[in-house]
Amino acid sequence: MSNSENRQETETEKRRQHRIGVSLEIHIAGRDRHGIAFEEMTHSTDVSRGGCSFRTSHEVAPGAELEIEIIRHITGSQSPFLTRCVVLRVSPENPDGWLLGVRFVGPHFPTYMSESTG
């Protein structure tokens, strides 16, 4: 088994909630690795009750705290979810971007379960 496969299994084992691959509009605000304040609109790559991942054009240090607003479009209206998060993982994506994995430290994202028909 390669180091990449070992690392992937370890990260999967650490996750407490199932992540769903979904692209939701996200507004993030915080400070980059150099202490410069920023705000950015982006989209999630996946979301769970306790965290999410998304791409950003700002280099952010692991351990940094961000404010996050996930915009949910429900039946024609916007329903924002506001919380704080801590950056757990930072992976370079291309010359001008990073993929961040974050854990919510404020309110957790609500989950929805399908209704049973009986």
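Residue numbers run consecutively from 1 along every chain, following the written order of its sequence. For this predicted model, a pLDDT threshold of at least 70 governs which residues receive local features, and a threshold of 80 or more governs which side-chain atom pairs are given and counted, while totals over whole chains, interfaces and linings are taken from all residues. To obtain the side-chain values, all non-hydrogen atoms of the structure were included, while hydrogens and water were left out.

1. Digging into the overall build of the protein
Thinking step 1. Only DSSP runs of H or I reaching four residues or more are called helices, and only runs of E reaching two or more are called strands; each is numbered from the N terminus. Per the secondary structure count, the protein includes one helix and six strands.
Thinking step 2. Listing each helix as α and each strand as β along the protein from the N terminus yields α-β-β-β-β-β-β.
Thinking step 3. Each of the 118 residues in the protein was classed as buried or not, and the buried ones make up 35%.
Thinking step 4. Put simply, of all contacts in the protein between residues at least 6 apart along the chain, 51% involve residues at least 24 apart.
Thinking step 5. Total accessible area on the protein stands at roughly 7800 Å², and carbon and sulfur atoms take up 49% of it. Exposure categories follow from relative accessible area, calculated using a 1.4 Å probe and restricted to protein chains: below 20% of the type maximum is buried, above 50% is exposed, and the middle band is partly exposed. Throughout, a residue-residue contact means that at least one pair of heavy atoms, one from each residue, lies within 4.5 Å. The Shrake-Rupley method, run with a 1.4 Å probe sphere, supplies the accessible areas, and residue values consider only the shown protein chains as cover.

2. Observations regarding the nonpolar core
Thinking step 1. As used here, the term nonpolar core means buried Ala, Val, Leu, Ile, Met, Phe, Trp, Tyr and Cys residues forming a set that is joined through side-chain atoms within 4.5 Å. Grouped together as the largest cluster of nonpolar side chains are 20 residues, with contacts concentrated most on Phe54, Ile68 and Phe104.
Thinking step 2. At the level of elements, strand 1 (25–31), strand 2 (37–48), strand 3 (51–56), strand 4 (65–74), strand 5 (77–94) and strand 6 (97–104) are the ones that each hand at least two residues to this core.
Thinking step 3. Top element by residues in this core is strand 6. It accounts for four residues.

3. Focus: the side chain of Asp46
Thinking step 1. With respect to the helices, strands and loops of the structure, Asp46 is situated in strand 2.
Thinking step 2. Pairs of N or O atoms within 3.5 Å make up the polar contacts considered here, provided that, within protein, one atom can donate a hydrogen while the other can accept it, and that residues adjacent in sequence are counted only when both atoms are side-chain atoms. Side-chain polar atoms of Asp46 contact the side chain of Ser53, separated by 3.0 Å.
Thinking step 3. For Asp46, the contacting residues outside a window of four places in its chain are Arg19, Ile20, Gly21, Val22, Cys52 and Ser53.

4. Structural notes on the pairing of strand 1
The side chains of a regular strand alternate between the sheet's two faces.
Thinking step 1. Being paired, for any two strands, means DSSP has found at least two bridges between them. Here strand 1 runs beside strand 2; their pairing, made up of seven bridges, is antiparallel. Within the sheet, the bridge partner assigned to Ile26 lies in strand 2 and is Thr42.

5. Looking at the state of the cysteines
Thinking step 1. When two cysteine sulfur atoms are found within 2.5 Å, that pair is recorded as a disulfide. For the structure on display, the rule yields zero disulfides.
Thinking step 2. Cys52 carries a free sulfur, and the closest cysteine sulfur to it, the one in Cys85, is 6.5 Å from it.
Thinking step 3. A relative accessible area of 0% means that Cys52 is categorised as buried.

6. Examining the pairing of strand 2
Thinking step 1. The antiparallel pairing of strand 1 with strand 2 creates a hairpin that spans five residues between the two strands, and Gly35 there sits at a positive phi of about 85°.
Thinking step 2. Summarising the sheet, strand 2 and strand 3 pair through four bridges and their orientation is antiparallel. From the neighbouring strand, Ser48 faces strand 3, where its bridge partner is Gly51.
Thinking step 3. A loop of two residues connects strand 2 with strand 3, the two strands running antiparallel in sequence.

7. Looking at the packing of aromatic side chains
Thinking step 1. Side-chain rings of Phe, Tyr and Trp, where Trp is taken by its six-membered ring, are said to pair if the distance between their centres is within 6.5 Å; with planes under 30 degrees apart they count as stacked, over 60 as edge-to-face, and otherwise as tilted. Summed over the entire model, instances satisfying the criterion amount to one aromatic pair.
Thinking step 2. On the basis of an interplanar angle of 65° and a centroid distance of 5.7 Å, the ring pair of Phe81 and Phe104 is categorised as edge-to-face. Residue Phe81 is located in strand 5, and its partner Phe104 is located in strand 6; the two are separated by 23 residues in the primary sequence. No difference in accessibility class separates Phe81 from Phe104, as the two residues are buried.

That's the geometry; what it means functionally is another story.
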